[in-house]
Amino acid sequence: MTDAGKRFNRDWIFRHINYTFEDGTSYAIVGPNGSGKSTLLQMLSGSMQPSEGNCDWSVSDGQLTNDEIYNYVSICAPYLEVVEEMTLKEFLEFHHHFKRFLPSLNINYVISVIGLENAANKQIRFFSSGMRQRVKLAQAFFSDTPLLLLDEPCTNLDAPGIELYHGLIKDYCANRLVIISSNDEVEYSFCKELINVVKYKN
């Protein structure tokens, strides 16, 4: 990111962010509620453009365009919905058409890892909020992408769910760029770098 900033109407959310995110490293974007953490994460995903400055992505083959970044990113966030009319198995198969799973993984394995074998053929609309969050984590963690973006990843998770989350981080993120937006240290305690959005206010 080079001198990046985001403005809504006349209000600047943050300005003058100069930062390089390195592959294989974990980062936490922190700050109080309403400080712009989710906005910054959406900018890093390519779904939102900066009002000033630049946000550039590159891989070994060279620099990516904004239209290409989608193929390299997976994201879990409260504002992203799952398809409630589908069963869990149908939803993961649907997702798999757009984002391939990590090599050697199949849908049945993914369902077993997140502990929802008994709900595999149940419509997601009947899932509890914690079960839905496990599904969102699955579609992000198990997609074959080098960049993983997580916005408040432990939302609605109970203690076993949080334990599952930390297990996914340990087992599937060693060589990925992981960026977490959170104000809960439980979600980002393992991160090597912290970015406080408050530092980039006017």
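You'll find the structure just up there.
Keep in mind that what you see is a predicted model, and the values were worked out from it rather than measured.

Right, let's get into the packing of helix H4 (residues 129–141) against helix H5 (residues 159–172). Axis separation between H4 and H5 bottoms out at 11 Å; the angle between their running directions is 0°. Regarding the angle of H4 to H5, the classification is roughly parallel. Contacts between H4 and H5 pair Arg134, Leu137 and Phe141 from the former with Pro160, Gly161, Leu164, Tyr165, Leu168 and Ile169 from the latter. Broken down by class, the residue content of the contact of H4 with H5 amounts to seven nonpolar, one polar and one charged.

Another aspect to go through is the sheet that holds strand E4 (residues 52–54). The three strands lie next to each other as E2-E1-E4, forming an open sheet whose pairing is antiparallel. Unpaired on one side and paired on the other, strand E2 (11–17) and E4 mark the two borders of the sheet. Within the sheet, the average angular offset between the axes of one strand and its neighbour, ignoring direction, is 25°. With four bridges connecting them, strand E1 (residues 2–8) and E2 associate as antiparallel partners. When the sheet's bridge partners are listed, Lys6 is paired in E2 with Phe14. Sheet strands in contact with helix H1 (residues 37–45) are E1 and E2, and its direction is about 120° off that of E1.

On to the side chain of Ser26. Checked against the element boundaries, Ser26 lands in strand E3 (residues 26–30). Its relative accessible area of 9% is what places Ser26 among the buried residues. With near-sequence residues (within four places) excluded, Ser26 lies in contact with Val178, Phe190, Cys191, Lys192 and Glu193.

Together, Tyr70, Phe94 and Phe98 make up a nonpolar patch on the protein surface, roughly 320 Å² of accessible area in all. One can find Phe98 in helix H2 (residues 88–98).

On to H5, then. The terminal C-alpha atoms of H5, which comprises 14 residues, lie 20 Å apart, in line with the 20 Å expected from a rise of 1.5 Å per residue. Among the residues of H5, Gly161, Leu164, Tyr165, Leu168, Ile169 and Tyr172 are the ones counted as buried. Relative to the axis of H5, the buried residues are bounded by an arc of 140° and lie together on one face. Exposed residues lying more than 90 degrees from the buried face of H5 are Ala159, Glu163, Lys170 and Asp171. Buried residues along H5 sit in contact with helix H3 (107–113), H4, strand E8 (147–151), strand E9 (177–181) and helix H6 (185–188).

By secondary structure assignment, the location of Cys173 is in the loop between H5 and E9. Here Cys173 falls in the buried class, since its relative accessible area comes to 8%. Setting aside anything within four residues of it in sequence, one finds Cys173 in contact with Phe141, Leu148, Leu168 and Val178.

Calculation rules
Residues numbered from 1 in each chain as written. Predicted model: local features only at pLDDT ≥ 70, side-chain atom pairs only at ≥ 80, totals over all residues. Heavy atoms only, no water. Axes fitted to C-alpha atoms, helices over the stretch in contact; angles between N-to-C directions. Helix = DSSP H or I, 4+ residues; strand = E, 2+ residues; numbered from the N terminus. Parallel < 35°, antiparallel > 145°, perpendicular 65-115°, else oblique. Contact = heavy atoms within 4.5 Å. Nonpolar A, V, L, I, M, F, W, Y, C, P; charged D, E, K, R; others polar. Pairing = 2+ DSSP bridges. Buried < 20%, exposed > 50% of the residue type's maximum accessible area, 1.4 Å probe, protein only. Patch = residues over 30% accessible without salt bridge, like charges linked within 9 Å, V, L, I, M, F, W, Y side chains within 5 Å. Areas by Shrake-Rupley, 256 points an atom, 1.4 Å probe, with all protein chains shown as cover. Salt bridge = Lys/Arg side-chain N within 4 Å of Asp/Glu carboxyl O. Expected span 1.5 Å × (residues − 1). Arc of directions from axis to C-beta.

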